[in-house]
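# Descriptive structure summary
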Amino acid sequence: MNTINWADFQKIDIRIGTIVKTEPFPEAKKPAYKVWVDLGEEVGLKKTSAQITVNYTLEQLIGRQVQCVINFPKKQIGNFMSEVLITGYEDENGNIVLASVEQEVPNGAKLY
């Protein structure tokens, strides 16, 4: 395992946001959804592609708070521009389970 120092950790900007809109993404190479996340006043509404179709339906995602890396460069995925990365963990079958918080916190709150 590689270790990092505090300055390295501080370079990663992880914020909490609420999923406000979802759509199918049939053009994606791997099964995915288009997801819009409200990341608060400072960051705003951001969109991303998320390969979370096995463990979540589009409807289950609305209103869910998720942790997002907001300072990666934008990435073109098919005909869609992904602006943030929603974080998660692989389950026993290799499918993503979203990282979340124990209690609701304000959108845009930063992970420390």
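Cut-offs applied
- Residues numbered from 1 in each chain as written.
- Predicted model: local features only at pLDDT ≥ 70, side-chain atom pairs only at ≥ 80, totals over all residues.
- Heavy atoms only, no water.
- UniProt positions renumbered as here; feature names shortened; annotations may be inferred.
- Helix = DSSP H or I, 4+ residues; strand = E, 2+ residues; numbered from the N terminus.
- Buried < 20%, exposed > 50% of the residue type's maximum accessible area, 1.4 Å probe, protein only.
- 1 Å grid on protein atoms, 1.4 Å probe; cavity = no way out; pocket = protein on both sides within 12 Å on 5 of 7 lines; lining within 4 Å.
- Points joined across faces, edges and corners; volume = space filled by probe spheres on them.
- Nonpolar A, V, L, I, M, F, W, Y, C, P; charged D, E, K, R; others polar.

### Side note on the UniProt feature "domain: TRNA-binding" (unreviewed entry) in the protein chain
Cross-referencing UniProt, the feature "domain: TRNA-binding" (unreviewed entry) maps to residues 8–112 in the present numbering. Summarising residues 8–112: 10% helix, 40% strand, and an end-to-end C-alpha distance of 13 Å.

### A look at the environment of Glu27
Among the secondary structure elements, Glu27 is positioned in the loop between strand S1 (14–24) and strand S2 (33–38). Residue class for Glu27 comes out partly exposed when judged on its relative accessible area of 45%. In this structure, the C-alpha to C-alpha distance between Glu27 and Pro106, residues 79 residues apart in sequence, is 33 Å.

### Focus on the environment of Leu45
Here Leu45 shows up in strand S3 (residues 45–50). Each C-alpha atom, one on Leu45 and one on Val20, is 8.9 Å from the other, the two residues being 25 residues apart in sequence.

### A look at the layout of surface pockets
Empty pockets left among the atoms are what a rolling probe the size of a water molecule brings to light. Approximately 500 Å³ is the volume found for the largest pocket. Every residue lining the largest pocket is counted, 22 residues in all, and those nearest its centre are Ser49, Ala50, Gln51, Ile77 and Leu85. Of all elements in the fold, only S3, strand S5 (75–77), strand S7 (85–86) and strand S9 (96–98) reach the threshold of two or more residues within the lining of the largest pocket. For the lining of the largest pocket, the element with the highest residue contribution is S3, accounting for three residues. A class-by-class count of the residues in the lining of the largest pocket yields twelve nonpolar, five polar and five charged.

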